[in-house]
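Chain residues, written in single-letter form:
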Amino acid sequence: MQKIKPAESPDAYIAALDGWRRELAERLRAGVLGAAKLEEVVKWGHLVYFSNGPVLLIRVEAQRVLFGFWRGKRLLEIEPRLKPGGKYELATLDLREGMTIAATTVRRLTKQAVALNHSVGDPTRASRDG
């Protein structure tokens, strides 16, 4: 199996997409970047956003777009479709073709996730230290 070379930048990541996946990723990205001051990078093969540690990710796959939060288990009141799983307090929203999320919800999730990282600390450090 041939390994896919990761995008060199967030802009290149989005530019490589097409169709509904690109449209959805662009909307998510715009909402995230409009909600808070975040460092945006391509890490682990997808878009990752940092503020006092990792905050959220946008991961585009063939049949879905994952919108995930390192402290997502604490965000279920804002978006009940978030599914907990993985390390830390990770929870992801699995978006398929035809599904959507309101721009206001994207902004609320992002703002709250950033606030949690600043009040509770880097989610990856908390797991190592405690």
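Residues numbered from 1 in each chain as written. Predicted model: local features only at pLDDT ≥ 70, side-chain atom pairs only at ≥ 80, totals over all residues. Heavy atoms only, no water.

## Looking at the environment of Ala25
- Tracing the chain through its elements places Ala25 in helix α2 (residues 19-35).
- What makes Ala25 buried here is its relative accessible area of 0%.
- Along the sequence, Ala25 and Glu39 sit 14 residues apart, while their C-alpha atoms lie 17 Å from each other.
- Not counting residues up to four positions away in its chain, the partners in contact with Ala25 are Ile14, Leu17, Ile58 and Val60. (Helix = DSSP H or I, 4+ residues; strand = E, 2+ residues; numbered from the N terminus. Buried < 20%, exposed > 50% of the residue type's maximum accessible area, 1.4 Å probe, protein only. Contact = heavy atoms within 4.5 Å.)

## Thoughts on α2
- With 17 residues, α2 ought to run about 24 Å at 1.5 Å a step, and its terminal C-alpha atoms sit 25 Å apart, in line with that.
- When α2 is considered as a whole, its buried residues turn out to be Arg21, Leu24, Ala25, Leu28, Arg29, Gly31, Val32 and Ala35. For α2, the buried positions fall inside an angular range of 165° around the axis, keeping them on one side. Pointing more than 90 degrees away from the buried face of α2 are the exposed residues Ala30 and Gly34. (Expected span 1.5 Å × (residues − 1). Arc of directions from axis to C-beta.)

## As for the nonpolar core
- Leu28, Ile58, Phe67, Phe69, Leu75, Ile101 and Leu109 are the most contacted members of the largest nonpolar core, which totals 30 residues.
- Those elements that place two or more of their residues in this core are α1 (10-15), α2, β2 (46-50), β3 (54-60), β4 (65-69), β6 (91-95) and α3 (103-120).
- The element best represented in this core is α3, accounting for five residues.
- The contact partners of Leu28, leaving out residues within four places of it in the chain, are Ile58, Val65, Phe67, Leu95, Ile101 and Val106.
- In terms of nonpolar packing, the next biggest core, distinct from the first, is built from five residues, Val48, Phe50, Trp70 and Leu90 among them. (Core = buried A, V, L, I, M, F, W, Y, C linked by side-chain atoms within 4.5 Å.)

## Focus: the pattern of salt bridges
- Applying the stated criterion to the full structure yields eleven salt bridges.
- For Glu40, the salt bridge identified is with Arg29, shortest N-O distance 2.6 Å. Of this pair, Glu40 sits in strand β1 (residues 39-43) while Arg29 sits in helix α2; the two residues are eleven residues apart in sequence, bridging distant segments of the chain. As far as burial versus exposure is concerned, Glu40 and Arg29 are alike and both buried.
- One salt bridge connects Arg71 with Glu89, and the closest N-O pair in it is separated by 2.8 Å. Residue Arg71 is located in the loop between β4 and β5 (83-84), and its partner Glu89 is located in the loop between β5 and β6; the two are separated by 18 residues in the primary sequence. (Salt bridge = Lys/Arg side-chain N within 4 Å of Asp/Glu carboxyl O.)

## Re the sheet that holds β5
- Within the open sheet, the six strands sit side by side as β1-β2-β3-β4-β6-β5. Their pairing is antiparallel. One side of each edge strand has no neighbouring strand; the edge strands of this open sheet are β1 and β5.
- In terms of strand pairing, β3 meets β4 through five bridges, oriented antiparallel. Along β4, the bridge assignment pairs Arg59 with Leu66. (Pairing = 2+ DSSP bridges.)

## Things to note about unusual backbone geometry
- Positive phi outside glycine occurs at Trp44, with the angle close to 55°.
- Mapped onto the fold, Trp44 is located in the loop between β1 and β2.
- Relative accessible area serves as the criterion here: at 55%, Trp44 is assigned to the exposed category.
- In this structure, Asn52 takes a positive phi of about 55° despite not being glycine.
- Relative to the helices and strands, Asn52 resides in the loop between β2 and β3.
- Overall, Asn52 belongs to the partly exposed group, its relative accessible area being 40%.

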